[in-house]
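# Geometric and topological summary
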Amino acid sequence: MQTILVTGGAGFIGSNIVEALLKRDYRVIVLDDLSTGRLDTIDHFLHNPNFTFIRGSVLDRGLLRSIMKTYQVCGISHQAAIASVTKSILDPVSSVEANITGTTNIFDIAAESCCRRVVFASSCAVYGDGPESPKQEQMRLDPKSPYAVTKAAKEMLARTFCQLHAMEIIGLRYFNVYGRRQNPGSDYAAVVPAFITKALRNEPLPIEGDGLQTRDFVYIDDVVQANLLGLTAKNASGACINIGSGSSIGILELAHAVIRGSGSSSLIVHRPARPGDVRDSRADIERSRAILGYAPAYALDKGLAETVAWYRAREQKKPAQVAAAMQPVPVE
Ligand SMILES: NC(=O)c1ccc[n+]([C@@H]2O[C@H](COP(=O)([O-])OP(=O)(O)OC[C@H]3O[C@@H](n4cnc5c(N)ncnc54)[C@H](O)[C@@H]3O)[C@@H](O)[C@H]2O)c1
């Protein structure tokens, strides 16, 4: 049985990758400091003998070494990051540390332990706010926030480690990911869970500016598919590729789709536009098709229907019991 380390595995995207790996009979180790991740995203895996949760940071090199050795890790899915543009502007040092130093630790300790394959989360933020659409991988990177700079830096580090250590590192530039287990409650909640939770309560949906700005929303199962393909793809070493749906939609249209899909009576309210907001963002996914065989299966209506159903069920459920999960699992 092969062992995969998922950093940030208690977060939105990481926990969904964990679930898919366990279904495919991998042994899965999660390393997460729970800074934004939550135990209720993984509590249902805790009784699976192939699953281990370790509370700790990718900044802890001793812990990383110990995990690689103890569990004979053969592949890493590196999702851990301070994943907020706003936080990176307020506290750039923490973002640079967690995202760049943390990623360097992952690459370095993987190289040292002979683990060749790392798939890591990059972001469409590396493209900046230029008008070109769709975004293609060969375009010049133009990061506009410390967060985006950290993602661009990870990509450069990845290429360097591939050259120096014959590693197979693949970067996935996620566009706007949505789906089950995304946190609607954080200060910097993404638009889809924020809209859905408000719509389910018939509260107004706030839109910044005219709502005609467009985004490429990609459903979580398509992102998981890309990660699984990345862990096994041949001839993809050093590639950094777009993971989106390949189409885009305006935020106003999205709000209407959520209201329709949830049977809500919410109104839409407009707020002042955010300065520097990207106008249009859409992924060209030809390269991910060619390199990974990636084929997104969720049009927005289908993904939104699944997501609304998940949040509706969650609103009706009692808080999960996670007491036993609080103990970190010791490693040698
Ligand atoms: N959600 C999106 O639309 C999106 C878009 C582009 C890129 N990304 C990237 O995808 C990855 C996952 O994002 P997400 O949306 O699941 O966010 P998330 O905040 O839900 O997940 C990040 C996880 O990393 C953990 N973490 C943070 N710092 C850590 C550290 N030092 N050591 C160990 N764990 C740490 C957090 O506790 C959390 O569980 C991130 O790298 C993010 O930058 C996400």
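Residues numbered from 1 in each chain as written. Predicted model: local features only at pLDDT ≥ 70, side-chain atom pairs only at ≥ 80, totals over all residues. Heavy atoms only, no water.

## Looking at the overall build of the protein chain
Heads up, the condition is: Only DSSP runs of H or I with at least four residues qualify as helices, and only runs of E with at least two residues qualify as strands; both kinds are numbered from the N terminus onward. Radius of gyration here uses only the C-alpha atoms, and the compact-globule reference equals 2.2 Å multiplied by the residue count raised to the power 0.38. Whether two residues are in contact is decided by their heavy atoms: any pair within 4.5 Å suffices. Only the protein chains shown count as covering a residue, and every accessible area follows the Shrake-Rupley method with a 1.4 Å probe. Charge assignment in this entry is limited to Lys and Arg as positive and Asp and Glu as negative, and neither His nor the chain termini are counted. In this description, the location of a charge corresponds to atom NZ of lysine, CZ of arginine, CG of aspartate or CD of glutamate.
If you tally the helices and strands in the protein chain, you get 10 helices and 13 strands. Its C-alpha atoms give the protein chain a radius of gyration of 19 Å, near enough to 20 Å, the size a compact globule of 332 residues would have. Projected onto its principal axes, the C-alpha coordinates of the protein chain cover approximately 55 × 45 × 35 Å. For the protein chain, long-range pairs separated by at least 24 residues make up 82% of all intrachain contacts whose partners lie at least 6 apart in sequence. When the accessible surface of the protein chain is split by element, carbon and sulfur atoms take 53% of a total near 14,800 Å². The distance from the centre of the 36 positive side-chain charges to the centre of the 33 negative ones in the protein chain is 2 Å.

## Re the packing of helix α2 (residues 61–71) against helix α4 (residues 92–112)
Basically, it comes down to this: Note on method: axes are straight lines fitted to C-alpha atoms, helices fitted across the in-contact stretch only, with angles between N-to-C directions ranging 0 to 180 degrees. These descriptions rest on fixed angle ranges, namely under 35 degrees for roughly parallel, over 145 for roughly antiparallel, 65 to 115 for roughly perpendicular, and the rest for oblique. Throughout, a crossing is termed right-handed when the near helix is turned clockwise from the far one, and left-handed when it is turned anticlockwise from it by less than a right angle. Side-chain classes follow a simple rule in which Ala, Val, Leu, Ile, Met, Phe, Trp, Tyr, Cys and Pro form the nonpolar group, Asp, Glu, Lys and Arg form the charged group, and the remainder, Gly included, forms the polar group.
For the pair α2 and α4, the least separation of the axes is 10 Å and the interaxial angle reads 40 degrees. Taken together, the axes of α2 and α4 are oblique relative to one another. When you trace α2 past α4, the crossing you get is right-handed. Here α2 contributes R61, L64, R65 and M68 to the contact with α4, which in turn contributes N105, I106, D108, I109, A110 and E112. Here the residues of the contact of α2 with α4 sort into five nonpolar, one polar and four charged.

## Here we look at the sheet that holds strand β4 (residues 75–78)
Defined as follows: DSSP bridges decide pairing: two strands pair if at least two such bridges lie between them.
Reading across from one edge, β3-β2-β1-β4-β5-β6-β11 is the order of the seven strands in this open sheet, with parallel pairing throughout. The open sheet has two edge strands, β3 (51–55) and β11 (240–243), and neither has a second partner. When the angles between neighbouring strand axes are averaged without regard to direction, this sheet yields 20 degrees. As paired strands, strand β1 (residues 3–7) and β4 are joined by four bridges and run parallel to one another. Paired with T7 across the two strands is H78, which belongs to β4. Across the face of the sheet, α2 comes into contact with β1, β2 (27–32), β3 and β4 while running at roughly 170 degrees to β2. Packed onto the sheet, helix α7 (residues 220–232) meets β1, β4, β5 (117–123), β6 (168–174) and β11 and runs at close to 145 degrees relative to β5.

## Here we look at the pairing of β1
Here is the rule we go by: Between buried and exposed lies partly exposed: a residue is buried under 20% and exposed over 50% of the maximum accessible area for its type, with that area taken using a 1.4 Å probe on protein chains only. The handedness of a crossover follows from its direction of travel: if, with the strands pointing away from the viewer, the path from the first strand over the helix to the second runs clockwise, the crossover is right-handed.
With respect to burial, β1 is a largely interior element, five of its five residues being buried. Burial of the side chains of β1 extends over both faces: T3, L5 and T7 are buried on one face and I4 and V6 on the other. Where the polypeptide runs from β1 across helix α1 (residues 12–23) and back to β2, its parallel neighbour, the crossover connection is right-handed.

## Observations concerning the site of the ligand
Where we set the bar: Throughout, the term near means that a residue has one or more heavy atoms lying within 4 Å of the molecule or strand in question. Polar contacts, as counted here, are pairs of nitrogen or oxygen atoms within 3.5 Å of one another; within protein the pair requires one atom able to donate a hydrogen and one able to accept it, and residues that are adjacent in sequence qualify only if both atoms are side-chain atoms.
Taken together, 27 residues are adjacent to the ligand, and I13, D32, T36, Y147 and K151 come closest. With respect to the ligand, the backbone of D33 contributes an N or O atom lying 3.2 Å from a nitrogen atom. Protein chains shield 91% of the accessible area of the ligand, which is 820 Å² for the free molecule. Within the residue set of the shell around the ligand, elements represented by two or more residues are α1, β5, α5 (146–165) and β7 (176–178). Here the shell around the ligand gets three residues from one element, more than from any other, and that element is β5. Each residue belonging to the shell around the ligand can be placed in one class, and the counts come to 13 nonpolar, 11 polar and three charged.

## What about the pattern of salt bridges?
Side-chain pairing between opposite charges can occur once the charged atoms of the two side chains come close. What counts here: The term salt bridge refers to a side-chain nitrogen of Lys or Arg lying within 4 Å of a carboxyl oxygen of Asp or Glu.
In total, this model carries 12 salt bridges according to the counting rule given. Linking E168 and R117 is a salt bridge whose minimum nitrogen-to-oxygen distance equals 3.0 Å. With a gap of 51 residues between them, E168 in strand β6 and R117 in strand β5 connect regions that are remote in the sequence. By relative accessible area, E168 is classed as partly exposed at 33%. The class of R117 is buried, set by a relative accessible area of 10%. Its salt-bridge partner being R274, residue E208 comes within 3.1 Å of it at the nearest N-O pair. Placement of E208 in strand β8 (residues 205–208) and of R274 in the loop between β13 (268–271) and α9 (286–292) is noted, with a sequence separation of 66 residues between them.

## Thoughts on the nonpolar core
We count it as follows: Grouping buried Ala, Val, Leu, Ile, Met, Phe, Trp, Tyr and Cys residues that are joined through side-chain atoms within 4.5 Å yields what is termed a nonpolar core.
Membership of the largest hydrophobic core comes to 69 residues, with the highest contact counts inside it found for L21, V28, F51, L172, L254 and L304. Residues within four places of L254 in sequence aside, it is in contact with V191, V192, F195, F217, I249, L300 and L304. Ranked by size, the runner-up nonpolar core spans 27 residues in total, among them L64, Y71, I76 and I169.

## Some remarks on α1
What counts, and what does not: Multiply 1.5 Å by the residue count of a helix minus one, and that product is the helix's expected span.
If you check α1, its first and last C-alpha atoms are 17 Å apart, about what 12 residues at 1.5 Å a residue would give, namely 16 Å. Burial analysis of α1 places 11 of its 12 residues in the buried class, which makes it a mostly covered element. Taken residue by residue, α1 has F12, I13, G14, S15, N16, I17, V18, E19, A20, L21 and L22 as its buried positions. Of the residues trailing α1, D25 is marked for its positive phi of about 70 degrees.

Read these as spatial facts, not as claims about activity.
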